[in-house]
Amino acid sequence: MPRLTIIPSDIIIDAEEGATIMESAWAQDLYWPTTCGGQGICTSCVCKIEEGAEGLAEMGRSEHKRLVEEFGEAAVRSRSLRLACQARVHGDVIIEKRGVRPAGQWLLDNPSQRW
Ligand code: FES
């Protein structure tokens, strides 16, 4: 089972083979920033792959197009950016993404977002 390490919060989770990074986080009841709900539109979920980029499925055309539109080709290539809602996991990966935390903690920090 692939293992995801999320920094700087130092959260380590096991991921289902073939699930996206975001699906893997949600399965562990983690909050992951998004405004489109994981549809590959908003880029709020963007993360930097620190190690193990080969443990992710190759970037699809729509993910690449959206990242280049938002951050530019050079930034996408040099910073190992991926959309967490689109990148499918097949091996161990170390990911930098600020704001990832247990979902319950996020609700405590944002009481107006409760429903
Ligand atoms: S969650 Fe919106 S692009 Fe990934």
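For clarity, every value in this text was computed on a predicted model and none was experimentally measured. (Residues numbered from 1 in each chain as written. Predicted model: local features only at pLDDT ≥ 70, side-chain atom pairs only at ≥ 80, totals over all residues.)

*Asks:* Help me understand the overall build of the protein chain, please; the structure alone is not making it clear to me.
*Replies:* The number of helices and strands found in the protein chain is four helices and seven strands. In the protein chain, the succession of helices and strands from N to C terminus is β-β-α-β-β-α-α-β-β-β-α. For the protein chain, the C-alpha radius of gyration of 14 Å lies close to 13 Å, the compact-globule estimate for 115 residues. With the C-alpha coordinates of the protein chain rotated into their principal frame, the extents come out at 40 × 30 × 20 Å. (Helix = DSSP H or I, 4+ residues; strand = E, 2+ residues; numbered from the N terminus. Rg over C-alpha atoms; globule rule 2.2 N^0.38 Å.)

*Asks:* For this particular structure, what's the right way to read the nonpolar core?
*Replies:* As a rule of thumb, soluble globular proteins bury nonpolar side chains together. Ranked by internal contacts, the top residues of the largest apolar core, which has 23 residues, are L4, I21, M22, W32, C45, A84 and I95. Elements that contribute at least two residues to this core include exactly β1 (3–7), α1 (21–27), β4 (46–51), β5 (81–83) and β6 (93–96). Per-element accounting of this core gives the leading share, three residues, to α1. Residues within four places of A84 in sequence aside, it is in contact with T20, I21, M22, W32, C45, C47 and K97. (Core = buried A, V, L, I, M, F, W, Y, C linked by C-beta atoms within 7 Å. Buried ≥ 20, exposed ≤ 12 C-beta atoms within 10 Å, placed from the backbone. Contact = placed C-beta atoms within 7 Å.)

*Asks:* Looking at this model, I keep getting lost on the environment of S44. Mind explaining?
*Replies:* Along the chain, the position of S44 falls in the loop between β3 (30–31) and β4. What makes S44 partly exposed here is the crowd of 15 C-beta atoms within 10 Å. Put simply, S44 and T34 are ten residues apart on the chain and 4.9 Å apart in space, counted from C-alpha to C-alpha. When residues no more than four places from it in sequence are discounted, the contact partners of S44 are P33, T34 and T35.

*Asks:* Quick question: what am I supposed to make of the pairing of strand β2 (residues 11–14) here?
*Replies:* The two faces of the sheet receive side chains in turn, since in a regular strand these alternate between them. By the bridge criterion, four bridges tie β1 to β2 in an arrangement that is antiparallel. Paired with L4 across the strands is I13, a residue of β2. Between β1 and β2, which follow one another and run antiparallel, lie three residues, and D10 among them has a positive phi close to 55 degrees. (Pairing = 2+ DSSP bridges.)

*Asks:* Got a minute to help me understand the sheet that holds β4 in this structure?
*Replies:* The strands that make up a sheet are held in pairs by hydrogen bonds between backbone atoms, and each pair lies either parallel or antiparallel. If you trace the five strands from one edge of the open sheet to the other, you get β2-β1-β6-β4-β5, paired in mixed fashion. In this open sheet, the two strands that pair with only one neighbour each are β2 and β5. Geometrically, the sheet is characterised by an average inter-axis angle of 35 degrees between neighbouring strands, direction not taken into account. The sheet contact formed by β1 and β6 spans four bridges and is parallel. Opposite I7, over in β6, you have E96 as the bridge partner. (Axes fitted to C-alpha atoms, helices over the stretch in contact; angles between N-to-C directions.)

*Asks:* What should I look at first to understand the pairing of β4 in this one?
*Replies:* When β4 meets β5, the two strands line up antiparallel, connected through three bridges. Looking across to β5, one finds that K48 is bridged to L81. Pairing of β4 with β6, which is carried by three bridges, proceeds in the antiparallel orientation. When the sheet's bridge partners are listed, E51 is paired in β6 with I94.

*Asks:* Just checking my understanding: could you explain the environment of I95 for this structure?
*Replies:* Residue placement: I95 occurs in strand β6. It is 16 Å that separates the C-alpha atoms of I95 and T43, two residues lying 52 residues apart in sequence. Look past the residues within four positions of I95 in its chain and what remains in contact with it is L4, T5, I6, I21, C47, I49 and E50.

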